[in-house]
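Chain by chain, the residues run as shown.
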Amino acid sequence: GDIPVERGSRRSAKRMMERCVECLSRGTSVIVFPEGTRTRTGEIGRFKDGAFLVAKSAGVGIQPVVIDGTWSLMKGWRVRMPHTFRVRVLDPIPPERVASSEARELAGRTREDYLTGFLQKRVGQTLLRAAGLGPLARPAAELSNGEVRCLAALMKDWTLNVTGTQGFGGAQVT
């Protein structure tokens, strides 16, 4: 599912952050695009503090993932196909570092590492299949060290070719 937020509403933003903390407390991953909007130029905008405040409140680490090249995917409401973009997994930010840093400092430092989001489930399943591990019929936490190393090596410089879409009606952010 998704966790909606109404732009410009502090009350909505607060409720969204509370729901994110609840999800993380249950062990559910949350994907956040810290800029809060799409770029029209490909330039990375200022990261908002919300995602970093959520991680601090939940006592969890952050797994930064760069998704580069999607800005030119859209032309108005139309999607350009085929399209290629790059996914890079950066070094994780451990819970201890999240806890000992101010949210604004984390946001600034993470932006400097060119972070734009976290992996979406379908991309993860594609990676698992590419690594010969999927579909995964067990929790990801049960992956062996060797399987994790295999995935990490594959994700270091992985290119995903988008060849079709079913439109935004079926899109989902989790």
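Calculation rules
- Residues numbered from 1 in each chain as written.
- Predicted model: local features only at pLDDT ≥ 70, side-chain atom pairs only at ≥ 80, totals over all residues.
- Heavy atoms only, no water.
- Axes fitted to C-alpha atoms, helices over the stretch in contact; angles between N-to-C directions.
- Helix = DSSP H or I, 4+ residues; strand = E, 2+ residues; numbered from the N terminus.
- Parallel < 35°, antiparallel > 145°, perpendicular 65-115°, else oblique.
- Left-handed = near helix turned anticlockwise from the far one by under 90°.
- Contact = heavy atoms within 4.5 Å.
- Nonpolar A, V, L, I, M, F, W, Y, C, P; charged D, E, K, R; others polar.
- Buried < 20%, exposed > 50% of the residue type's maximum accessible area, 1.4 Å probe, protein only.
- Arc of directions from axis to C-beta.
- Salt bridge = Lys/Arg side-chain N within 4 Å of Asp/Glu carboxyl O.
- pLDDT = per-residue confidence, 0-100.
- Expected span 1.5 Å × (residues − 1).

Draft legend 1. Inspection of the packing of helix α1 (residues 10-25) against helix α2 (residues 50-58) at higher detail. Between α1 and α2, whose axes approach to 9 Å, the crossing angle comes to 45°. Overall, the two elements α1 and α2 adopt an arrangement that is oblique. Note that α1 runs across α2; the crossing there is right-handed. Taking contact as the criterion, the partners of M17, C20, V21 and L24 in α1 are, on α2, G50, L53, V54, S57 and A58. Partitioning the contact of α1 with α2 into residue classes produces seven nonpolar, two polar and no charged.

Draft legend 2. Highlighting helix α6 (residues 145-155). Within α6 the residues assigned to the buried category are E147, L151 and M155. For α6, the angular spread of buried residues about the axis comes to 70°, placing them on one side. Facing away from the buried side of α6, by more than 90 degrees, are the exposed residues N145, R149 and A153.

Draft legend 3. Region of the structure containing the side chain of S12. Along the chain, S12 turns up in helix α1. The buried category is assigned to S12, whose relative accessible area is 17%. When sequence neighbours within four positions are dropped, the list of residues in contact with S12 reads P4, V5 and E6.

Draft legend 4. Structural context of the pattern of salt bridges. The full count for this structure, using the stated rule, is three salt bridges. Where R15 meets E18, a salt bridge forms, and the shortest distance between an N and an O atom there is 3.6 Å. Remark: E18 and R15 occur in helix α1; sequence separation between them is three residues, near one turn of the helix. Assessed through its relative accessible area of 41%, R15 is described here as partly exposed. Classification of E18 by relative accessible area gives partly exposed; the value is 33%. One salt bridge in this structure joins D49 and R104, with 2.8 Å as the shortest N-O distance.

Draft legend 5. Highlighting the confidence of the model for the protein. Here the protein averages 77 in pLDDT, and 76% of its residues register 70 or above. Here residues 114-121 scores under 50 on pLDDT; set against residues more than four positions off or in separate chains, the count is 41 contacts. Throughout residues 168-174 the model reports pLDDT below 50, and contacts reaching past four residues in sequence, or to other chains, amount to 12 contacts.

Draft legend 6. Quick look at α1. Relative to the 22 Å expected for 16 residues at 1.5 Å per residue, α1 spans 22 Å between its end C-alpha atoms, a close match to the ideal helical length. Those residues of α1 lying buried are S12, M16, C20, V21, C23 and L24. On its buried side, α1 packs onto α2. Directly after α1, the chain includes G27, whose backbone phi takes a positive value near 90°.

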